[in-house]
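# Observations on the three-dimensional arrangement
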Amino acid sequence: MKTNLNFNSAICTSREQSERLLALGLKAETADMMWSDLSEAPICHPYNRIKGLASDLDDKVHPAWSLSRLLAMIPSFIDIGEHNYMFRMIQGRLFSYHSNIAGYALLYSMGGVYDSAIYTIEWLIGEGYFNKEYLE
């Protein structure tokens, strides 16, 4: 039986997405993955496996974030005024904060799931709801 399974799911943020997160002020130490220039084609590895083992490698590894790490940093609930909003991820890329009483505070679905997560983090930082321990 011949199948045409094509798995092209990203396991971490791209370099461009990682740079965007760093520009937003996220600490590189919050990353759980890394891009490595140690091979001909850049590949993603668990972050602390190589980073810091030798100082001459530091310029060859770059932080990256898995989806599970990004989701872990996004607060499950935020309070806006008198209302509590719950975070929801629907169908893999629709991100929202919703209150049954007050409606949506955020509804975002554009690009892929990583773009939605990064936009949500950007919004949370701008509104003051993101955990400041994750920021420089």
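Below is a short write-up of the structure. (Residues numbered from 1 in each chain as written. Predicted model: local features only at pLDDT ≥ 70, side-chain atom pairs only at ≥ 80, totals over all residues. Heavy atoms only, no water.)

## Focus: the environment of Gln17
Here Gln17 shows up in helix H1 (residues 15-24). Spatially, the C-alpha atom of Gln17 lies 7.7 Å from that of Ile118, the residues being 101 residues apart in sequence. When near neighbours in sequence (up to four residues on either side) are disregarded, Gln17 contacts Tyr114, Asp115 and Ile118. (Helix = DSSP H or I, 4+ residues; strand = E, 2+ residues; numbered from the N terminus. Contact = heavy atoms within 4.5 Å.)

## Describing helix H3 (residues 113-127)
With 15 residues, H3 extends 21 Å from end C-alpha to end C-alpha; this agrees with the ideal 21 Å at 1.5 Å per step. Among the residues of H3, those classed as buried are Val113, Tyr114, Ser116, Ala117, Ile118, Thr120, Ile121, Trp123 and Leu124. On its buried face, H3 sits against H1, helix H2 (67-73), strand S4 (77-80), strand S5 (83-90), strand S6 (94-99) and strand S7 (103-108). Once H3 finishes, Gly128 follows within two positions and takes phi at roughly 85°, a positive value. (Expected span 1.5 Å × (residues − 1). Buried < 20%, exposed > 50% of the residue type's maximum accessible area, 1.4 Å probe, protein only.)

## Thoughts on the pattern of salt bridges
All chains considered together, the criterion is met by 1 salt bridge. Across the pair Glu122 and Arg20 runs a salt bridge whose closest N-O atoms are separated by 2.9 Å. Residue Glu122 is found in helix H3, and its partner Arg20 is found in helix H1; the two are separated by 102 residues along the sequence. (Salt bridge = Lys/Arg side-chain N within 4 Å of Asp/Glu carboxyl O.)

## A few points about the packing of H1 against H3
Relative orientation of the contacting elements H1 and H3 amounts to 5°, with a least axis distance of 11 Å. Here H1 is positioned roughly parallel relative to H3, judged by the angle of their axes. The segment H1 lies against H3, with Gln17, Arg20, Leu21 and Leu24 engaging Tyr114, Asp115, Ile118, Tyr119, Ile121, Glu122 and Ile125. (Axes fitted to C-alpha atoms, helices over the stretch in contact; angles between N-to-C directions. Parallel < 35°, antiparallel > 145°, perpendicular 65-115°, else oblique.)

Interpretation in functional terms is not warranted from these geometric data alone.
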